[in-house]
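Spelled out from the first residue to the last, the chains are:
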Amino acid sequence: QETETEFQEANYTFKLDYTKPYSEKVTMEIGSQYVLNDVGNDYTVRNLIDDAWITNPDLTNNFEYDQKVLGVYGTGAYEGDAWGVKLGMRLENTNLKTFLTNTNEKNEQKYTNLFPSAHVSFRFTESVSLQGGYSKRVSRPGLWDLNPFFNHRNDYNIRVGNPDLKPEYTDSYEIMSIFIFGKASINSGVYHRYTTDVEENVTYFEDNVSITRPENFGTNNTTGFELNSKYSPLTWFSVLGDFNFNYYKRNGEFENEIFDFSGERWTTRMTGKFKLPKDFEIE
């Protein structure tokens, strides 16, 4: 058995921004952005029968993906000697169309969303400051999450997309402190993220065949602590470290079955950076 993919993609971005400083402390920004994604993915599966490659029509199709996102946004910022405030709002309209040419299956999604944001900072001294913020974000499903003809490893293990998949939405809250001590700096803070329509891969096992496809179900609550640090003892050498710990709780129901679970996870990393002549660096 053999597979063949002919993939074509065109992306266009049109953007217009305007910034108006009213004073040294007050600034307004407005703008708009229009993003077009046009993709074609021609996928073919052939079986070797009597020394001849025969196309399998049940696993072959041409998938067309057309997404247009129009965004209009504005922010207002105040930056004083101690206090800083930045408020923003973004309005986005998404028009997504997918088309399976061989089966004539069409799917269309249209939705409009508001994404507010707010950030506040306070500087106690030149070396110590505190920041807080809120933002709402969207994570749209990608082409491969939507394409029903995606990956055919063999007749018993098939990975497909879901044209009805919805985007994930996340409300993010964070409080961060910044400390600077000569050659060292430390950023530490806490955060909370709440995500709806969480995407998960679901595997169906029927007739000795595993079919995996993404589905939307449930919410995710994540609360954590983050620490980042940097120390530069020499002009040509610095050490960077980060540590992240969070507790997450998933709530979800799929096909009348409960999939609630919770847990803890953490990551840590330490990096050494060396500056070399001719603007070269090694990490």
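Before reading on, note that the structure itself is shown above.
Residues numbered from 1 in each chain as written. Predicted model: local features only at pLDDT ≥ 70, side-chain atom pairs only at ≥ 80, totals over all residues. Heavy atoms only, no water.

A. Highlighting the environment of Gly241. Note that Gly241 resides in strand β15 (residues 237-251). Since its relative accessible area comes to 16%, Gly241 is described here as buried. Along the sequence, Gly241 and Tyr18 sit 223 residues apart, while their C-alpha atoms lie 37 Å from each other. (Helix = DSSP H or I, 4+ residues; strand = E, 2+ residues; numbered from the N terminus. Buried < 20%, exposed > 50% of the residue type's maximum accessible area, 1.4 Å probe, protein only.)

B. Examining a nonpolar patch on the surface more closely. Taken together, the side chains of Phe124, Leu130, Ile175, Phe181, Ile186, Val190, Phe225, Leu227, Phe243, Phe245 and Trp266 define a hydrophobic patch exposed on the protein surface, amounting to about 1000 Å² of accessible area. Mapped onto the nonpolar patch, the elements with two or more residues apiece are β10 (168-181), β11 (184-196), β14 (219-234) and β15. Inspection of the secondary structure puts Ile175 in strand β10. We classify Ile175 as partly exposed; its relative accessible area is 48%. (Patch = residues over 30% accessible without salt bridge, like charges linked within 9 Å, V, L, I, M, F, W, Y side chains within 5 Å. Areas by Shrake-Rupley, 256 points an atom, 1.4 Å probe, with all protein chains shown as cover. Salt bridge = Lys/Arg side-chain N within 4 Å of Asp/Glu carboxyl O.)

C. Layout of the pairing of strand β18 (residues 261-276). Taken together, the 14 bridges between β15 and β18 define a ladder with antiparallel strand orientation. Following the sheet pairing, Ser238 is matched in β18 by Lys273. Examined bridge by bridge, β18 and strand β19 (residues 280-282) share three bridges and lie antiparallel to one another. Bridging from a neighbouring strand, Lys275 pairs with Glu281 of β19. The antiparallel pairing of β18 with β19 creates a hairpin that spans three residues between the two strands, and Lys278 there sits at a positive phi of about 60°. (Pairing = 2+ DSSP bridges.)

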